[in-house]
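Listed below, chain by chain, are the residues.
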Amino acid sequence: MMHVAPSTGFSEASSRDADIGRYLSHFGRVEALKLQVDSARRAANDSLGRLNALPQPEVGESTLFVAALDIHRRDREALFEAMRQLETAREALRLAASMVVPGR
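Scope of this entry: the structure provided in the associated data block. Remember, it's a predicted structure, so these values are computed and weren't measured experimentally. (Residues numbered from 1 in each chain as written. Predicted model: local features only at pLDDT ≥ 70, side-chain atom pairs only at ≥ 80, totals over all residues. Heavy atoms only, no water.)

Quick look at the packing of aromatic side chains now. Within the structure shown, the criterion is met by one aromatic pair. Taking 6.2 Å as the distance between ring centres and 25° as the angle between the ring planes, the aromatic pair formed by Tyr-23 and Phe-27 counts as stacked. Here the residue Tyr-23 and the residue Phe-27 both occupy positions in helix α1 (residues 8–53), the gap between them amounting to four residues, near one helical turn. When its relative accessible area of 26% is taken as the criterion, Tyr-23 is described as partly exposed. (Phe/Tyr/Trp six-rings, centres within 6.5 Å; stacked < 30°, edge-to-face > 60°. Helix = DSSP H or I, 4+ residues; strand = E, 2+ residues; numbered from the N terminus. Buried < 20%, exposed > 50% of the residue type's maximum accessible area, 1.4 Å probe, protein only.)

A word on the environment of Ala-44. Its location among the elements puts Ala-44 in helix α1. The class for Ala-44 is buried, based on a relative accessible area of 6%. When the C-alpha positions of Ala-44 and Leu-79 are compared, they lie 7.1 Å apart, and in sequence the two are 35 residues distant. Beyond its immediate stretch of four places on either side in the chain, Ala-44 contacts His-72, Asp-75, Arg-76 and Leu-79. (Contact = heavy atoms within 4.5 Å.)

Turning next to helix α2 (residues 63–100). Over its 38 residues, α2 runs 55 Å from end to end, which matches the ideal 56 Å to within 8%, given 1.5 Å per residue. Turning to α2, its buried residues number three or more, namely Phe-65, Ala-68, His-72, Asp-75, Leu-79, Ala-82, Leu-86, Ala-89, Leu-93, Ala-96, Ala-97 and Val-100. (Expected span 1.5 Å × (residues − 1).)

We now examine the side chain of Ser-47. Counting through the fold element by element, Ser-47 comes out in helix α1. Excluding residues that lie within four positions of it along the chain, Ser-47 makes contacts with Ile-71, His-72 and Asp-75.

What follows concerns the environment of Asp-17. Take Asp-17: it is sitting in helix α1. Distance from Asp-17 to Val-100, taken between C-alpha atoms, is 8.8 Å for residues 83 residues apart in sequence.

Moving on, we get to the nonpolar core. Membership of the largest hydrophobic core is limited to ten residues, which are Val-30, Leu-33, Val-37, Ala-40, Ala-44, Leu-79, Ala-82, Leu-86, Ala-89 and Leu-93. Counting only elements with at least two residues in this core, the list comes to α1 and α2. Not counting the four nearest positions on each side in its chain, Leu-33 is found in contact with Gln-85, Leu-86 and Ala-89. (Core = buried A, V, L, I, M, F, W, Y, C linked by side-chain atoms within 4.5 Å.)

Structural data, given as C-alpha cells:
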C-alpha cells in the first residue's frame, strides 16, 4: 500500500476550520461572560440601592448598615472579576479572529 501526503489545500482547509471553530468557541465565551457581567452589574446596583436606602449610622456602627456594606462590596468585587474575565476573553477572541482573517 502506498501512502501519499495530503495535498497542501487539504491541510490548509482543516487548519482554517480549526481556526473558525476556535473563534466560535471564544465568541460563545464572550457572549456568556457579557451576560455574567450584566447580571453582576444588576446585583451590585441592587445592593448599592439597598445600602443607600438605609439611614447612615451616626455614632458607632449599625450592624444592618455594615452587613449591607459587606454585601455591596462582595457584589462589586464579583462585578470587577466578571469584567476582568470578559476582557481576557475578548483578547482571546481578537487573537482567534486574526487567525481566521489574515492581515487583521
